[in-house]
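# Survey of secondary and tertiary structure
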Amino acid sequence: MNVLDSFRLDGQVVVITGGGGLLGPVHGLAVAEAGGVPVLWDISLSAAEAAADEVRRATGTACEAQCVDITSQQQVEGALAALLARLGRVDGLVNNAARNPQVGSAQPAWSRLENYPLDAWEADLAVGLTGAMLCSRVLGEAMAARGGGVIVNISSDLGVIAPDQRLYRQPGLPEDQQPAKPVSYSVVKHGLIGLTKYLATYYADRGVRANALAPGGVEAGQPEEFLQRITSLIPLGRMARRDEYKAAVVFLLSQASAYMTGSVICIDGGRTCW
Ligand SMILES: NC(=O)c1ccc[n+]([C@@H]2O[C@H](COP(=O)([O-])OP(=O)(O)OC[C@H]3O[C@@H](n4cnc5c(N)ncnc54)[C@H](O)[C@@H]3O)[C@@H](O)[C@H]2O)c1
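What this report covers is the structure whose coordinates are included nearby. (Residues numbered from 1 in each chain as written. Predicted model: local features only at pLDDT ≥ 70, side-chain atom pairs only at ≥ 80, totals over all residues. Heavy atoms only, no water.)

### Concerning the overall build of the protein
Keep this limit in mind: Helix numbers and strand numbers start at the N terminus; a helix is a DSSP run of H or I with at least 4 residues, a strand a run of E with at least 2. Radius of gyration: C-alpha atoms only; globule rule: 2.2 Å multiplied by the number of residues to the exponent 0.38. Burial classification: accessible surface area is computed with a 1.4 Å probe over protein chains only, and a residue below 20% of its type maximum counts as buried, one above 50% as exposed, and the rest as partly exposed. Residues are treated as being in contact if the distance between any of their heavy atoms lies within 4.5 Å. Note on areas: these come from Shrake-Rupley sampling with a 1.4 Å probe, and a residue is covered only by the protein chains present in the view.
If you tally the helices and strands in the protein, you get seven helices and seven strands. Mapped in sequence order, the helices and strands of the protein form the string β-α-β-α-β-α-β-α-β-α-β-α-α-β. Since a compact globule built from 274 residues should have a radius of gyration of about 19 Å, the 19 Å found for the protein is in line with a globular shape. Expressed along its principal axes, the backbone C-alpha trace of the protein runs to roughly 60 × 40 × 40 Å. Within the protein, the proportion of its 274 residues that are buried is 49%. Restricting to contacts in the protein with at least 6 residues of sequence separation, those with at least 24 account for 76%. In the structure as shown, the protein presents an accessible area of about 12400 Å², 55% of it carried by carbon and sulfur atoms.

So this is what it looks like as structure tokens:
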């Protein structure tokens, strides 16, 4: 097969969880531009619908939106049944949904390890890990039953390294009041890499591949001081643009990565090698 043809996703149906967020619509664009049919799942129907509109307008191709709480196996099964009734197949899953608690607030110390609320920890794990596991087993079985498919887990550079808590410091606050990147983010993002390896070996003989993408931070209007601090930790000297993960998502979803399973691709401007 011609190498560029091996990246095509013609006719393939790919579910993207968290499809209404910052990166979900761009993963959808990538799938549509490669000829596939993205299906955007989000707990917010309005966000998923706006994202699907964006993809349809940009590509002129089909893109669907569904309201799904991925922490509910019943909702995941129901959404898959509705999708199969309309589109007849599912070929790929991008586990992209997350809760991203904002660091820094009126009470910055809330995100510190010793203070992090147990209900926030449980909600973060429910979306980031339980949701990814539920979607993987429900869609994984459907894909295996059809002879194969692909799962892509969206981890993070913080799935490979620890957060540098100096990035989040606020001047003038005592040590015990300084904000911190929540512990749940590290655990979810490292956990997704563990889930990737589990799924890769579990499904290997049934044709379902699983890999992880570990993206670095995307520039999205962060304060100048934060930008200066984080870019000093990135060899390429800048945060990512929103569209810089599209090629990797298509590579991982397509035949171009046919001999790859259980692996992690870091695309982070070099941050994890420094
Ligand atoms: N943005 C970045 O800089 C960056 C960097 C590295 C990794 N990532 C990872 O990429 C992924 C996407 O990031 P993003 O910036 O687009 O996040 P985002 O917060 O903008 O989007 C996440 C989406 O998930 C949805 N969601 C939350 N709970 C859900 C549930 N129970 N069921 C279904 N949907 C639910 C939210 O409604 C939201 O639309 C995340 O996994 C994130 O950790 C992001």
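### Remarks on the environment of Leu87
Mapping Leu87 onto the fold places it in helix α3 (residues 73-87). Relative accessible area serves as the criterion here: at 27%, Leu87 is assigned to the partly exposed category. Once the C-alpha coordinates of Leu87 and Val13 are considered, the two residues, 74 residues apart in sequence, prove to be 7.7 Å apart. Apart from the residues within four sequence positions on either side, Leu87 is in contact with Val13, Val37, Val39 and Glu64.

### Comments concerning the packing of aromatic side chains
Quick note on the threshold: Classification of ring pairs rests on two measures: the distance between centres of Phe, Tyr or Trp rings, Trp counted by its six-membered ring, which must be within 6.5 Å, and the angle between planes, read as stacked under 30 degrees, edge-to-face over 60 and tilted in between. Working rule: Lys NZ or Arg CZ, within 6 Å of ring centre, within 35 degrees of ring normal, means a charge sits over the ring.
By the definition in use, this model includes five aromatic pairs. Measuring from centroid to centroid gives 5.4 Å for Tyr202 and Tyr203, while their planes differ by 85°, and the two rings are edge-to-face. Given the relative accessible area of 3%, Tyr203 is considered buried. Each member of the aromatic cluster is reached from another via a ring pair, and the members are Tyr198, Tyr202 and Tyr203. A cation sits over an aromatic face here: Lys181 above Tyr185, 4.3 Å from the ring centre.

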